[in-house]
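Residues per chain are reported as follows:
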Amino acid sequence: MNKNRVSVKIAGASYTIVTEDEPEYVEALAEEISADIKSICNSNSSLSMTQAAVLVALDNADSCKKATASADNLRAQIKDYLEDSARARMEVDVARREVDRLNREILQLRDRLAGK
């Protein structure tokens, strides 16, 4: 995939990012981070830009970890559902074979009764 060079401004500082992501995606991330830093600085004027950036990074890391844990949990649930589904299919197959066997047995018994 092609590398894109994307120039962004975050909290007044310019950065050039080299990425495989689309420039619009990187620009949107930069805008979001810049807005988060600005919001934190506005809510607590005693924080430095670095402290605000660290708090944004901490919040984003927390969100990422929680999202990853949630995705892992969903994957585990899906795996359980798939296993339950496979087990149920096997039970249905066994039940169908039993129904077929019983139907054959009924036919044999009918034939015997008819032959009497």
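See the structure above.
Structure report, in brief.

1. Considerations on the side chain of threonine 19
Then comes step 1: Along the chain, threonine 19 falls in strand S2 (residues 13-19).
Then comes step 2: A polar atom in the side chain of threonine 19 sits 3.0 Å from the backbone nitrogen of aspartate 21.
Then comes step 3: With near-sequence residues (within four places) excluded, threonine 19 lies in contact with Asn2, Lys3, Asn4, Val6 and Val26.

2. Details of the pairing of S2
Then comes step 1: Across seven bridges, the pairing between strand S1 (residues 4-10) and S2 is antiparallel. Within the sheet, the bridge partner assigned to serine 7 lies in S2 and is threonine 16.

3. Observations regarding a negative patch on the surface
Then comes step 1: Together, Asp21, Glu22, Glu24, Glu27 and Glu31 give the surface a local cluster of negative charge.
Then comes step 2: Counting through the fold element by element, glutamate 24 comes out in helix H1 (residues 23-43).

4. Details of H1
Then comes step 1: End to end, H1 covers 30 Å across 21 residues, agreeing with the expected 30 Å (1.5 Å per residue, within 8%).
Then comes step 2: Those residues of H1 lying buried are Val26, Ala30, Ile37 and Cys41. Axial view of H1: buried residues confined to an arc of 45°, hence all on one face. Facing away from the buried side of H1 by over 90 degrees, the exposed positions are Glu24, Glu31, Asn42 and Ser43.
Then comes step 3: For H1, the secondary structure elements touched by its buried residues are S1, S2 and helix H2 (49-115).

Cut-off values and rules
The numbers attached to residues start from 1 for each chain and follow its sequence in the written order. For this predicted model, a pLDDT threshold of at least 70 governs which residues receive local features, and a threshold of 80 or more governs which side-chain atom pairs are given and counted, while totals over whole chains, interfaces and linings are taken from all residues. Excluded from the side-chain calculations are hydrogens and water; all other atoms, namely the structure's heavy atoms, are used. Helix and strand definitions here come from DSSP, where helices need a minimum of 4 consecutive H or I residues and strands a minimum of 2 consecutive E residues; each element is numbered from the N-terminal end. Polar contacts here mean pairs of N or O atoms no more than 3.5 Å apart (in protein, one a potential hydrogen donor and the other a potential acceptor; neighbouring residues in sequence count only if both atoms are side-chain atoms). Should any heavy atoms of two residues lie within 4.5 Å, those residues are considered in contact. In short, DSSP must find at least two bridges between two strands for them to pair. Patch membership requires over 30% relative accessible area and the absence of a salt bridge. Like charges are linked within 9 Å, and nonpolar side chains (Val, Leu, Ile, Met, Phe, Trp, Tyr) within 5 Å. Calculation of accessible area relied on Shrake-Rupley with a 1.4 Å probe; when residues are assessed, cover is drawn exclusively from the protein chains displayed. Each salt bridge in this description consists of a side-chain nitrogen of Lys or Arg and a carboxyl oxygen of Asp or Glu lying within 4 Å of one another. By the counting scheme adopted, Arg and Lys are positive, Glu and Asp are negative, and His together with the chain ends is not counted. Working definition for charges: the position is that of NZ of Lys, CZ of Arg, CG of Asp or CD of Glu. To estimate the expected span of a helix, subtract one from its residue number and multiply by 1.5 Å. To sort residues, take the accessible area from a 1.4 Å probe on protein chains only and compare it with the maximum for the residue type: under 20% means buried, over 50% means exposed, and anything in between is partly exposed. Think of the arc as the fan of directions from the helix axis to the C-beta atoms.

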